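Chain by chain, the residues:
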Amino acid sequence: VQLVESGGGLVQPGGSLRLSCAASGFTFSSYVMSWYRQAPGKEREFVARITSAGGSTYYADSVKGRFTISRDNAKNTVYLQMKSLKPEDTAVYYCYARVIWRYWGQGTQVTVSS
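All of the points below concern the structure found in this document. (Residues numbered from 1 in each chain as written. Predicted model: local features only at pLDDT ≥ 70, side-chain atom pairs only at ≥ 80, totals over all residues. Heavy atoms only, no water.)

## A look at the nonpolar core
Moving on, step 1. Ranked by size, the top nonpolar core spans 30 residues in total, and within it M33, W35, V78, L80, M82 and Y93 carry the most contacts.
Moving on, step 2. At the level of secondary structure, the elements contributing two or more residues to this core comprise β3 (17–24), β4 (33–38), β5 (45–50), β7 (67–72), β8 (77–82), β9 (91–99) and β11 (108–112).
Moving on, step 3. By residue number, the principal contributor to this core is β9, which donates 5 residues.
Moving on, step 4. In contact with M82, other than residues within four places in its own chain, are G15, S16, L17, L19, R66, F67, Y93 and V110. (Core = buried A, V, L, I, M, F, W, Y, C linked by side-chain atoms within 4.5 Å. Buried < 20%, exposed > 50% of the residue type's maximum accessible area, 1.4 Å probe, protein only. Helix = DSSP H or I, 4+ residues; strand = E, 2+ residues; numbered from the N terminus. Contact = heavy atoms within 4.5 Å.)

Listed below in structure tokens is the structure:
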């Protein structure tokens, strides 16, 4: 199993970014996919989750209405569209899948600052 995130960067408050997570090594379309994040000095926290076919999504209260998780099972990729970004969204964002065991990507840094 391999999860590779991309799309992070530096953005001003109020800006947008789209993160991608390319998955391989398992039957992507059969598994729930999630995004987590970890800010400096804080524990890793749940951000969003999407069911295997994409029919249901779940969000942390802190991002609800601003972030959108989606997936393209033909491309084995899950996305996190982030809008109205705030400085408190600054963190390393991780892609996560539980395929018998727990798998994490290497993370992508998102920095929201003026």
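## Focus on the packing of aromatic side chains
For any pair of aromatic rings, the description rests on two quantities: the centre-to-centre distance and the angle between the ring planes.
Moving on, step 1. For the structure shown, the criterion picks out 7 aromatic pairs.
Moving on, step 2. A centroid spacing of 5.1 Å and a plane angle of 75° characterise the contact between Y36 and W104, whose relative ring orientation is edge-to-face. Of the two residues, Y36 sits in strand β4 while W104 sits in strand β10 (residues 101–104), which places them 68 residues apart along the sequence.
Moving on, step 3. The class of W104 is partly exposed, set by a relative accessible area of 35%.
Moving on, step 4. Consider the rings of Y94 and W104, whose centres lie 6.3 Å apart with planes at 85°: the pair is edge-to-face. You can see Y94 sitting in strand β9 and its partner W104 sitting in strand β10, a full 10 residues away along the chain.
Moving on, step 5. Put simply, the rings of Y36, F46, Y94, Y96 and W104 touch in pairs and so form one group of aromatic residues.
Moving on, step 6. Across the ring face of Y94, the terminal group of R44 is positioned such that the distance to the ring centre comes to 3.7 Å. (Phe/Tyr/Trp six-rings, centres within 6.5 Å; stacked < 30°, edge-to-face > 60°. Lys NZ or Arg CZ within 6 Å of the ring centre and 35° of its normal.)

## A closer look at the pattern of salt bridges
Moving on, step 1. Throughout the structure, instances matching the rule amount to 4 salt bridges.
Moving on, step 2. In this structure, the salt-bridge partner of E45 is R37, at a minimum N-O distance of 2.6 Å.
Moving on, step 3. Taking relative accessible area as the criterion, R37 reaches 6% and is therefore assigned buried.
Moving on, step 4. Note that R37 is salt-bridged to D89, the shortest N-O span being 2.9 Å. Residue R37 is found in strand β4, and its partner D89 is found in the loop between β8 and β9; the two are separated by 52 residues along the sequence. Residue R37 shares its accessibility class with D89, and that shared class is buried.
Moving on, step 5. Overlapping salt bridges, with partners in common, bring together R37, E45, R66 and D89 in one network. (Salt bridge = Lys/Arg side-chain N within 4 Å of Asp/Glu carboxyl O.)

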